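Breakdown of the fold
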Amino acid sequence: MTAPNPGQSIQQPTQDIQPKETHVEEGQKSPGGVHPPHLYSPYTSSVKRAPHELLIPLPGPMRDFGGPVFGTDRIRPDDNDTTRNARVNGEPLGERIIVRGRLLDSSGRPIRGALIETWQANAAGRYIHKRDQHQAPLDPNFTGTARMLTDDNGEYLLTTIRPGAYPWGNHYNAWRPSHIHFSVFGRGFTERLVSQMYFPGDPLMAYDPIYLGIPDKKGRDRLVSRFDLDITQHEWALGYRFDIVVGGTQATPMEENHG
Amino acid sequence: MAEQIKTEEVLHSKGQPKLNFKPLTDESSNLHGNLGQSPSQTVGPYFHQGLVHKFQDIDTAVSAMMVEERSDTPGERIVLTGKIYDADGVPIPDAMIELWQPGADGIFVTEPGVGFNGFGRGHTRTDDYSYTIRTIKPGRVGGRPPRLAVWLGMRGLLTHLITFIYFSDEDNSADPVLNAVPEARRGTLIARRGEGQGDAVYTFDIRMQGEGETAFFDAY
């Protein structure tokens, strides 16, 4: 056993975390057929916060709940670039990356003008949030927050720093894989999604109860961005592609697009 | 079968080079040609830095106030407030609650809002762990009693929860969604109007688990 990090309470092993495909029990209900169950005991903070009662089916689809509409006036030029939008006395440290992707509905149509908000740790694995007490340095030129609207093709573009992995208190020696939090608005209430983007080849995903709470391998794979040499910019930044699909069974049925 | 997205040329601002996006079946997409939903993940404990306006003086441009203070949006000004309790009855200090609603006329926003966007975001990282959202009382939609849709996320929830808020001073007896809830639990969805001067204050607490557990809905 290694010495505990000063300032961190000593977490004894409470469970056997082994790399495996998923810890979701067979037959456990997955909201929408793709989302993680609410009660998922390997993720310890779900135990006292997840409802015990079954979710109540709606008597009809939620057609009547439109969403907010965010105009371009709310977005400034550097809002989608965390390497620029919080500079104080220089550039943030770390590996610069470009993340691009499309926001799509479940028929594959792009969703235009949708707000995407992101937040993340810095290159050292530290959030600027005061609650984060991980013994890793803050970066004075980095807050790790960004926001952007999808364009007419449903595309977004985020320039940022690759976030570091960081320890958390879920179990002994628990580490979150590198990830960027994504908050996404579709066209209505049932298309609202908060998720996380992961990086290809990260060995920590196989140990992470948050990632492994997604019951289906195809679902887990959809949250892992792909390295993309077409997005990578010569002598500037590595590129990753991260497409997002929102909208499930309750979404308003759309007319077939025969165009 | 889903229609394939055609290859399109996209020219971005700030001198970004053109990029040809290939069809969705293209191997470079993380979707692998599969249009299943992207799964939810928790908002985590640090969502404030990305989602709460001016949190720790971070210069976010997007305010998620339901009604701007000087907005002339018509409607009765109300305050929604409450605490969110875990299974032990302890207030949860790191929850995020979003409210979605139509205007006082029962119509949802379809253009970028001026003063009212039909959307507000609150959180419980406050002195007494209560959230507060100032809004206007929503109008009736299709003859149904006024209600707010609730999107609830927090550390501990890998997938958000969905519920509705109804108002104690309205006749909610014929609402089909409320009537889909077992009678003994319907009260968990009623915000109680308080007495007092000024804007009406409605209290809506949420109990995540156990006695008095709030009714949540399957609407994913």
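Structural data are supplied above this passage.
In short, a report on the structure. Treat the numbers as computed from the prediction; the structure is a model and nothing was measured. (Residues numbered from 1 in each chain as written. Chains lettered and ligands numbered in written order. Predicted model: local features only at pLDDT ≥ 70, side-chain atom pairs only at ≥ 80, totals over all residues. Heavy atoms only, no water.)

**Digging into the overall build of chain B**
Along its length, chain B carries two helices and 12 strands. For chain B, the α and β elements follow one another from N to C terminus as β-β-α-β-β-β-β-β-β-α-β-β-β-β. Summarising the internal contacts of chain B: among those between residues at least 6 apart in sequence, 65% fall at separations of at least 24. Of the roughly 9,300 Å² of accessible surface on chain B, a fraction of 48% belongs to carbon and sulfur atoms. (Helix = DSSP H or I, 4+ residues; strand = E, 2+ residues; numbered from the N terminus. Contact = heavy atoms within 4.5 Å. Areas by Shrake-Rupley, 256 points an atom, 1.4 Å probe, with all protein chains shown as cover.)

**What to know about the environment of Ala123(A)**
Residue and element names in this part refer to chain A. Turning to its location among the elements, Ala123 is positioned in the loop between strand S3 (115-120) and strand S4 (145-149). Sequence spacing of Ala123 and Ser178 is 55 residues, and the spatial spacing of their C-alpha atoms is 9.4 Å. Those residues in contact with Ala123 that sit more than four places away from it in its chain are Leu93, Gly94, Ile161, Arg162 and Gly164.

**Some words on the sheet that holds S4(A)**
Residues and elements named next belong to chain A. Pairing within the open sheet is antiparallel, and its four strands lie in the order S4-S3-S8-S9. Of all the strands in the sheet, just S4 and strand S9 (193-198) have a single pairing partner and so form its edges. Ignoring which end each strand starts from, the neighbouring axes of this sheet average 20° apart. (Pairing = 2+ DSSP bridges. Axes fitted to C-alpha atoms, helices over the stretch in contact; angles between N-to-C directions.)

**Details of unusual backbone geometry**
Residues and elements named next belong to chain B. A positive phi is found at Lys54, a non-glycine position, where the angle reads about 60°. Unlike most non-glycine residues, Asp57 shows phi in positive territory, near 60°. Relative to the helices and strands, Asp57 is located in the loop between helix H1 (48-51) and strand S3 (77-85). Under the relative-accessibility criterion, Asp57 is labelled exposed at 73%. (Buried < 20%, exposed > 50% of the residue type's maximum accessible area, 1.4 Å probe, protein only.)

**A look at the interface of chain B and chain A**
With 98 residues of chain B at the contact, the number on the chain A side is 111 residues. Between chain B and chain A, the buried area comes to about 9,300 Å², and carbon and sulfur atoms account for 56% of it. Summed over the shared surface of chain B and chain A, the number is five salt bridges. Residue Glu98(B) is joined to Arg192(A) by a salt bridge in which the shortest nitrogen-to-oxygen separation is 2.7 Å. Linking chain B to chain A there are 42 residue pairs in polar contact (both at pLDDT 80 or more). Of all the elements, strand S7 (residues 148-154) of chain B adds the most residues to the side of chain B that touches chain A, at five residues. Class assignment of the residues belonging to the side of chain B that touches chain A gives a composition of 50 nonpolar, 27 polar and 21 charged. Here strand S1 (residues 56-57) of chain A pairs with strand S12 (residues 217-218) of chain B via two bridges, running parallel. (Buried area = accessible area lost by both parts, 1.4 Å probe. Salt bridge = Lys/Arg side-chain N within 4 Å of Asp/Glu carboxyl O. Polar contact = N/O pair within 3.5 Å; in protein donor to acceptor, adjacent residues only side chain to side chain. Nonpolar A, V, L, I, M, F, W, Y, C, P; charged D, E, K, R; others polar.)

**Regarding the side chain of Asp139(A)**
Residues and elements named next belong to chain A. Locating Asp139 in the fold gives a position in the loop between S3 and S4. Arg87 provides the closest opposite charge to the buried, salt-bridge-free Asp139, at an N-O distance of 9.3 Å. Here Asp139 is in contact with Pro92, Leu93 and Asn122, once residues within four sequence places are set aside. (Lys, Arg positive; Asp, Glu negative; His and termini not counted.)

**Topic: the pairing of strand S11 (residues 238-241) of chain A**
Residues and elements named next belong to chain A. Bridge count between strand S2 (residues 96-105) and S11: four bridges; the pairing is parallel. When the bridges of S11 are listed, Ile97 appears paired with Leu238. Bridge count between strand S10 (residues 226-227) and S11: two bridges; the pairing is antiparallel. For Phe227, the partnering residue across the bridge sits in S11 and is Tyr240.

**Some points on the pattern of salt bridges**
For the structure on display, the rule yields 25 salt bridges over all chains. Taking the shortest distance from any N to any O, the salt bridge between Arg96(A) and Glu91(A) comes out at 3.3 Å. Overall, Glu91(A) belongs to the partly exposed group, its relative accessible area being 43%. The network of salt bridges with common partners includes Glu76(B), Lys137(B), Arg140(B), Asp169(B), Glu170(B) and Arg193(B).

**A short note on the environment of Val52(B)**
Position of Val52(B) among the secondary structure elements: in the loop between H1 and S3. Leave out the neighbours within four places in its chain, and Val52(B) touches Phe47(B), Thr60(B) and His123(B).

**Concerning the packing of aromatic side chains**
Inspection of the entire model under this criterion finds 16 aromatic pairs over all chains. Aromatic pair Phe199(A) and Tyr240(A): ring centres 5.2 Å apart, planes at 85°, arrangement edge-to-face. With a gap of 41 residues between them, Phe199(A) in the loop between S9 and helix H1 (209-212) and Tyr240(A) in strand S11 connect regions that are remote in the sequence. Residue Phe199(A) shares its accessibility class with Tyr240(A), and that shared class is buried. Geometrically, the ring pair formed by Phe164(B) and Phe217(B) is edge-to-face, given 5.2 Å between the ring centres and 65° between the ring planes. One end of the pair, Phe164(B), is in strand S8 (residues 161-167); the other, Phe217(B), is in strand S12, and 53 residues separate them in sequence. (Phe/Tyr/Trp six-rings, centres within 6.5 Å; stacked < 30°, edge-to-face > 60°.)

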